[in-house]
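# An overview of the molecular structure
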Amino acid sequence: GINAEYGVVCNVNRTGTECDMCTEEHYGPECDIYCNSSATQYTCDGEGERICEDTWYGEECEVYCLSDEIHYNCTEDGDKECLGHYTGSECVTCSKGYYG
């Protein structure tokens, strides 16, 4: 598009006097990696890779998991890993032979 600030025409996602910089939220040699820097569940590094905030997991930081450290902890993928004698998808069911 036209870069009004510098009076030059740059290819998409590029800016600067010589179109040698990526526009905001675009990264990589071709400026074709998009990373939404205003997202709440992650930040973007200098290469456009998502760095998940605490409690967010997955390649796209789309899995939410908050360990309660009583019933479960969260794995690196954000899956719940039941603790003690708890079981089930939410780790709130007592294992067989346990009550409470």
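Residues numbered from 1 in each chain as written. Predicted model: local features only at pLDDT ≥ 70, side-chain atom pairs only at ≥ 80, totals over all residues. Heavy atoms only, no water.

### What to know about the packing of aromatic side chains
Worth spelling out the cut-off: Pairs were defined over the aromatic rings of Phe, Tyr and Trp, the Trp ring being its six-membered one, requiring ring centres within 6.5 Å. Orientation was assigned from the angle between planes: stacked under 30 degrees, edge-to-face over 60, tilted for the rest. In this analysis the charged atom, NZ for Lys or CZ for Arg, is taken to sit over a ring once it is within 6 Å of the ring centre and within 35 degrees of the ring normal.
With the rule as written, the count across this model stands at one aromatic pair. Lying across the ring of Tyr72, Lys80 places its NZ or CZ 4.7 Å from the centre.

### Points about the environment of Glu24
Cut-off, in case you're wondering: Only runs of H or I of at least four residues qualify as helices and only runs of E of at least two qualify as strands under DSSP, and these elements are numbered from the N terminus.
Looking at the element boundaries, Glu24 is found in the loop between β4 (21–22) and β5 (26–27). Between the alpha carbons of Glu24 and Ser37 there is a distance of 8.7 Å; along the sequence they are 13 residues apart.

### Concerning the pattern of salt bridges
Put simply, the rule reads: A pairing counts as a salt bridge when a side-chain nitrogen of Lys or Arg comes within 4 Å of a carboxyl oxygen of Asp or Glu. For each residue, the accessible area found with a 1.4 Å probe, counting protein chains only, is set against the maximum for its type, and the residue is called buried under 20%, exposed over 50%, and partly exposed in between.
Scanning the entire structure with this criterion turns up two salt bridges. Residues Glu60 and Arg50 are paired through a salt bridge, measuring 2.5 Å at the closest nitrogen-oxygen approach. Here Glu60, found in the loop between β9 (56–57) and β10 (63–64), pairs with Arg50, found in strand β8 (residues 50–52); they are ten residues apart in sequence, far enough to count as distant. Judged by its relative accessible area of 39%, Glu60 falls in the partly exposed class. Among the residues examined, Arg50 registers a relative accessible area of 27% and is labelled partly exposed. The closest approach of N and O atoms between Glu90 and Lys80, which form a salt bridge, is 2.4 Å. One end of the pair, Glu90, is in the loop between β13 (86–87) and β14 (93–94); the other, Lys80, is in strand β12 (residues 80–82), and ten residues separate them in sequence. Judged by relative accessible area, Glu90 falls into the partly exposed class, the value being 42%.

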